[in-house]
Amino acid sequence: MNQEKCVIVLDGSLPTGVAANTAAILGITMGQRRPDVVGGDVCDGGGRTHSGVIRFPVPVLRGTPEILGEIRAKLSEPAFSGLTAVDFTDLAQGCRTYEEFIEKMAVTPPEALRYLGLALCGEGKLVSRLTGSLPLLR
């Protein structure tokens, strides 16, 4: 059985607040796309219930806009079709409404997008092929 892996890759030059917001958005969307990786609720020793969390670690890695763009481009290759990928761009970050996001994305060529972050989940070997050389975000 192949071990699953999930990573978040952020543009290491982002200000702290934008990086945190990007990671939160990627995590929320990945959780919606892959609810199977989230464990059930758990109880503490006092009987209080706590929401389940992802069943395995999610390292947050540091990349550059160029690296993020390269990874995003590779995701269209058949070898990586089994991965679940979520991206977040500067275009999305700059929109005030989801309707504005839809309208702007519809007329923006892919090469004009600047990726702030990506989240990848799936077969560990495939995720590592794309992100294995990237350092942790510190």
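Residues numbered from 1 in each chain as written. Predicted model: local features only at pLDDT ≥ 70, side-chain atom pairs only at ≥ 80, totals over all residues. Heavy atoms only, no water.

1. Re the pattern of salt bridges
So, step 1. On inspection of all chains with the given rule, the structure shows six salt bridges.
So, step 2. For Arg-114, the salt bridge is made with Asp-11, and the minimal N-O distance between the two is 2.4 Å. Here the residue Arg-114 occupies a position in the loop between α4 (98-106) and β6 (115-123), and Asp-11 occupies one in strand β1 (residues 4-11), the gap between them amounting to 103 residues.
So, step 3. Close ionic contact of Asp-44 with Arg-48 constitutes a salt bridge, the shortest N to O distance being 3.1 Å. (Salt bridge = Lys/Arg side-chain N within 4 Å of Asp/Glu carboxyl O. Helix = DSSP H or I, 4+ residues; strand = E, 2+ residues; numbered from the N terminus.)

2. Some points on the environment of Gly-63
So, step 1. Residue placement: Gly-63 occurs in strand β4 (residues 60-63).
So, step 2. Residue classification places Gly-63 among the buried positions, given a relative accessible area of 7%.
So, step 3. Not counting chain neighbours up to four residues away, the residues in contact with Gly-63 comprise Val-9, Leu-10, Asp-11 and Gly-12. (Buried < 20%, exposed > 50% of the residue type's maximum accessible area, 1.4 Å probe, protein only. Contact = heavy atoms within 4.5 Å.)

3. Observations regarding helix α1 (residues 16-33)
So, step 1. The end-to-end C-alpha distance of α1, which contains 18 residues, comes to 26 Å, matching closely the 26 Å that a straight helix rising 1.5 Å per residue would cover.
So, step 2. Among all positions in α1, only Ala-19, Thr-22, Ala-23, Leu-26 and Met-30 are buried. One face of α1 carries all of its buried residues, which in axial projection span an arc of 95°. Residues of α1 that are exposed and angled more than 90 degrees away from the buried face: Gly-17, Ile-28 and Gln-32.
So, step 3. Looking at the buried side of α1, the elements it contacts are β1, β5 (84-89) and β6. (Expected span 1.5 Å × (residues − 1). Arc of directions from axis to C-beta.)

4. Some points on the pairing of β4
Looking down a regular strand, the side chains alternate between one sheet face and the other.
So, step 1. Burial along β4 is one-sided: Leu-61 and Gly-63 are buried, and none of Val-60 and Arg-62, which face the opposite way, are.
So, step 2. Alignment of β1 against β4, held across four bridges, turns out to be parallel. Along β4, the bridge assignment pairs Val-9 with Leu-61. (Pairing = 2+ DSSP bridges.)

5. Remarks on the pairing of β6
So, step 1. Within β6, eight of the nine residues are buried, leaving the element largely enclosed by the surrounding structure.
So, step 2. Bridge analysis of β1 against β6 gives seven bridges, and the strand direction is antiparallel. Within β6, the residue paired with Val-7 across the bridge is Leu-120.
So, step 3. Note that β5 and β6 share six bridges and pair antiparallel. Its bridge partner lying in β6, Val-86 is registered against Ala-119.

6. Focus on the nonpolar core
So, step 1. The biggest cluster of nonpolar side chains holds 35 residues, and the ones touching the most others in it are Leu-26, Leu-83, Leu-120 and Leu-130.
So, step 2. Listing elements by their share of this core, those giving two or more residues are β1, α1, α2 (65-74), β5, α3 (90-93), β6 and α5 (124-131).
So, step 3. The element that contributes the greatest number of residues to this core is β6, accounting for six residues.
So, step 4. If sequence neighbours within four positions are ignored, Leu-83 has contacts with Leu-75, Cys-121, Gly-122, Glu-123, Leu-126, Val-127 and Leu-130. (Core = buried A, V, L, I, M, F, W, Y, C linked by side-chain atoms within 4.5 Å.)

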